[in-house]
Amino acid sequence: GESVGLHLPTLSVQEGDNSIINCAYSNSASDYFIWYKQESGKGPQFIIDIRSNMDKRQGQRVTVLLNKTVKHLSLQIAATQPGDSAVYFCAENFRNTGTASKLTFGTGTRLQVTL
Amino acid sequence: EAQVTQNPRYLITVTGKKLTVTCSQNMNHEYMSWYRQDPGLGLRQIYYSMNVEVTDKGDVPEGYKVSRKEKRNFPLILESPSPNQTSLYFCASSLRGGYNEQFFGPGTRLTVL
């Protein structure tokens, strides 16, 4: 499969435990945030999103928390499964003046699930 | 099946030989974008298109061209590829830009010798 990155920060968790992946974003004007999952050999896949007027959003087994004060985003995965092993990217979105909004991706965190 | 397709998936070429990577989506999305992915740098946007005949530069547009003559297609053109364009390329589409989920293609691994 395609190599996403050789020196990504790695989080190793045991199957069944909860995972927390953190992301610091850069632009205080960003108003929309997304988490993507990228499995080996595939393109990024949407997991969950959150707008800046919220501080928490839950999906199926995933929760995103947003702390605008410190520009921090986290992804919580409950009861982590082997299929959750992947690289996870956060992305922030802000609207450029007069043009399309711009999505900027973080460098990613590799999640390894051990049995 | 709703999807974004890219071709080719793998390409090895030589410096200066023009190439085109095709991208097509079947979801009637208005917004399409090209990214390159390099180790330690994450995904960086090359070009994007808000709609037919509307394209704009992303963060790293140098050395690339795009066109959007039809809604479904958004080819990436490298007129004179150089080794620093060796990378993994992704095409993505969304309904209307950054505030919607972007659907990504499977990627194109390009090596320029």
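Preceding this paragraph is the structure being described.
What counts, and at which threshold
Residues numbered from 1 in each chain as written. Chains lettered and ligands numbered in written order. Predicted model: local features only at pLDDT ≥ 70, side-chain atom pairs only at ≥ 80, totals over all residues. Heavy atoms only, no water. Pairing = 2+ DSSP bridges. Helix = DSSP H or I, 4+ residues; strand = E, 2+ residues; numbered from the N terminus. Contact = heavy atoms within 4.5 Å. Buried area = accessible area lost by both parts, 1.4 Å probe. Salt bridge = Lys/Arg side-chain N within 4 Å of Asp/Glu carboxyl O. Polar contact = N/O pair within 3.5 Å; in protein donor to acceptor, adjacent residues only side chain to side chain. Nonpolar A, V, L, I, M, F, W, Y, C, P; charged D, E, K, R; others polar. Disulfide = S-S within 2.5 Å. Buried < 20%, exposed > 50% of the residue type's maximum accessible area, 1.4 Å probe, protein only. Patch = residues over 30% accessible without salt bridge, like charges linked within 9 Å, V, L, I, M, F, W, Y side chains within 5 Å. Areas by Shrake-Rupley, 256 points an atom, 1.4 Å probe, with all protein chains shown as cover.

1. Here's the deal with the sheet that holds strand S1 (residues 4–7) of chain B
Strand pairing in a sheet relies on backbone hydrogen bonds. The paired strands run either parallel or antiparallel. All names here are of chain B. Overall, antiparallel pairing links the four strands, which are arranged S1-S3-S8-S7 in an open sheet. Looking at the sheet topology across the chains shown, the edges are occupied by S1 and strand S7 (65–66). The pairing of S1 with strand S3 (residues 19–25) spans four bridges and is classified as antiparallel. Opposite Gln6, over in S3, you have Cys23 as the bridge partner.

2. Here's the deal with the interface of chain B and chain A
Each partner contributes to the interface: chain B provides 27 residues, whereas chain A provides 28 residues. Interface of chain B and chain A: buried area, both sides summed, is about 2,100 Å²; carbon and sulfur atoms make up 52% of it. Taken together, the connections running from chain B to chain A amount to zero salt bridges. The interface formed by chain B and chain A contains two residue pairs in polar contact (both at pLDDT 80 or more). With five residues, the single largest contributor to the side of chain B that touches chain A is strand S5 (residues 42–51) of chain B. Grouping the constituent residues of the side of chain B that touches chain A by class yields 13 nonpolar, nine polar and five charged.

3. A look at the state of the cysteines
In total, this model carries two disulfides over all chains according to the counting rule given. Residue pairing for Cys23 of chain A: its cysteine sulfur links by disulfide to Cys90 of chain A, the two sulfurs lying 1.6 Å apart. Separated by 67 residues along the polypeptide, Cys23 of chain A in strand S2 (residues 19–24) and Cys90 of chain A in strand S8 (residues 86–95) bring together distant segments of the chain. Here Cys90 of chain A falls in the buried class, since its relative accessible area comes to 7%. A disulfide bridge connects Cys23 of chain B with Cys91 of chain B, and the sulfur atoms are separated by 1.8 Å. Taking the sign of the torsion about the S-S bond as the criterion, the disulfide between Cys23 of chain B and Cys91 of chain B, at about -70 degrees, is left-handed. Highlighted residues: Cys23 of chain B in strand S3 and Cys91 of chain B in strand S9 (residues 87–94), separated in sequence by 68 residues.

4. As for a nonpolar patch on the surface
A contiguous nonpolar patch, built from Ile12, Val14 and Leu113 of chain B and spanning about 320 Å² of accessible area, is present on the exposed surface. The residue Leu113 of chain B is located in the segment after strand S11 (108–112) in this model.

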